[in-house]
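# Overview (structure and organization)
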Amino acid sequence: MEHNLPLKDRITEFCGLTAPTRVFTSTQNAAMIQYRIPKRGRGFSFKVNFLKNLNPCNILVEDDEQVYTVRNYGKASNCSLIALYPIHMALLSISVGVTPSGDHFKIETGTMRKCQETGLKDFMEVSGGMDLLSPKLTQADTFCGIDSYPEGISETVLCGVSTVRLVSSGEYDNMVTLAIRQAKEEELMTASVACPL
């Protein structure tokens, strides 16, 4: 997932018998606790509180065959939907890079491809990579435009980590709705993106 803080500012290590006095707050929709307990019978406990996020931006996909909406709420942001497995993504609706923030008048343009290559600042990108820490390895395509009912627009990403990223300049109120499911064996030969083993 994209993050505004560098990795060194997002990781804390501690050990010993003294418990940390600090409260840790995740600024994303996922947090990880890694631990090593050297002797049987020793351990630790922790408490987790879930905070309400009124404007969610990043999504970590866990379930198979779900519909998700990624939105920037008119703000400059890069929002990501990430699955930790190969996916098949079907585009259900798109409004990216066309409707200015605060404007409710929409003209259907259809779904346009290769938006980034034509110099547009706002687009949806489909890509894949090997893991969460490495940058994306392969990009399938970029999309933009307004299309309430796109037909037959889908991408298959055969990577350890599959990503749909909504890049937003803040000039537009961007939103995409996607159906995500785990890629099937028969889609291996028609994949848009395939990462090396």
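Residues numbered from 1 in each chain as written. Predicted model: local features only at pLDDT ≥ 70, side-chain atom pairs only at ≥ 80, totals over all residues. Heavy atoms only, no water.

## Some points on the environment of K114
Note on placement: K114 falls in the loop between strand 5 (110–113) and strand 6 (123–129). The exposure class assigned to K114 is partly exposed, which follows from its relative accessible area of 40%. Between the C-alpha atoms of K114 and E185, which are 71 residues apart in sequence, the distance is 27 Å. Not counting chain neighbours up to four residues away, the residues in contact with K114 comprise D141 and T142. (Helix = DSSP H or I, 4+ residues; strand = E, 2+ residues; numbered from the N terminus. Buried < 20%, exposed > 50% of the residue type's maximum accessible area, 1.4 Å probe, protein only. Contact = heavy atoms within 4.5 Å.)

## Quick look at the nonpolar core
The biggest cluster of nonpolar side chains holds 30 residues, and the ones touching the most others in it are V61, L81, M89, M124, L178 and I180. The set of elements that each furnish at least two residues to this core consists of strand 1 (59–61), strand 2 (66–71), strand 3 (76–83), strand 4 (87–96), strand 6, strand 7 (138–147), strand 9 (161–169) and strand 10 (175–182). With five residues, strand 4 is the single largest residue contributor to this core. Residues within four places of V61 in sequence aside, it is in contact with Y68, L81, I82, A83, L84, Y85 and I180. (Core = buried A, V, L, I, M, F, W, Y, C linked by side-chain atoms within 4.5 Å.)

## Here we look at the side chain of E187
Mapped onto the elements of the fold, E187 is located in the loop between strand 10 and strand 11 (193–194). Only 2.6 Å separates the side chain of E187 from the side chain of R181, close enough to count as a polar contact. For E187, the contacting residues outside a window of four places in its chain are H88, T156, L158 and R181. (Polar contact = N/O pair within 3.5 Å; in protein donor to acceptor, adjacent residues only side chain to side chain.)

## Overview of unusual backbone geometry
Backbone geometry places Y73, a non-glycine residue, at a positive phi of 55°. Even without a glycine there, the phi angle at K114 is positive, about 55°.

## As for the packing of aromatic side chains
The full count for this structure, using the stated rule, is three aromatic pairs. Ring centres 5.2 Å apart and planes at 70° place the aromatic pair Y35 and F44 in the edge-to-face group. Overall, Y35 belongs to the exposed group, its relative accessible area being 57%. On the accessibility criterion, F44 (44% relative accessible area) is partly exposed. (Phe/Tyr/Trp six-rings, centres within 6.5 Å; stacked < 30°, edge-to-face > 60°.)

## A word on the state of the cysteines
Enumeration over the complete set of coordinates arrives at three disulfides. Covalently, C57 is tied to C79 through a disulfide, its sulfur atoms 1.8 Å apart. The chirality of the disulfide connecting C57 with C79 is left-handed, given an S-S dihedral of about -105°. In this pair, C57 sits in the segment before strand 1 while C79 sits in strand 3, placing the two residues 22 residues apart along the sequence. (Disulfide = S-S within 2.5 Å.)

## Comments concerning the side chain of S162
In this structure, S162 sits in strand 9. Engagement of the side chain of S162 in a polar contact is seen with the backbone oxygen of Y85, the distance being 2.8 Å. In this view, S162 contacts L81, I82, A83, Y85, P86, I87, S127, G128 and V157; residues no more than four positions away in its chain are not counted.

## Description of the pattern of salt bridges
Counted under the stated rule, the structure contains six salt bridges. In this structure, E155 and R113 form a salt bridge, with 3.3 Å as the shortest nitrogen-oxygen distance. Placement of E155 in strand 8 (residues 154–158) and of R113 in strand 5 is noted, with a sequence separation of 42 residues between them. Take E155: its relative accessible area is 5%, and that puts it in the buried class. Note on R113: relative accessible area 43%, which makes it partly exposed. Here E187 makes a salt bridge to R181, at a shortest N to O gap of 2.6 Å. Each of the two residues, E187 as well as R181, counts as buried. (Salt bridge = Lys/Arg side-chain N within 4 Å of Asp/Glu carboxyl O.)

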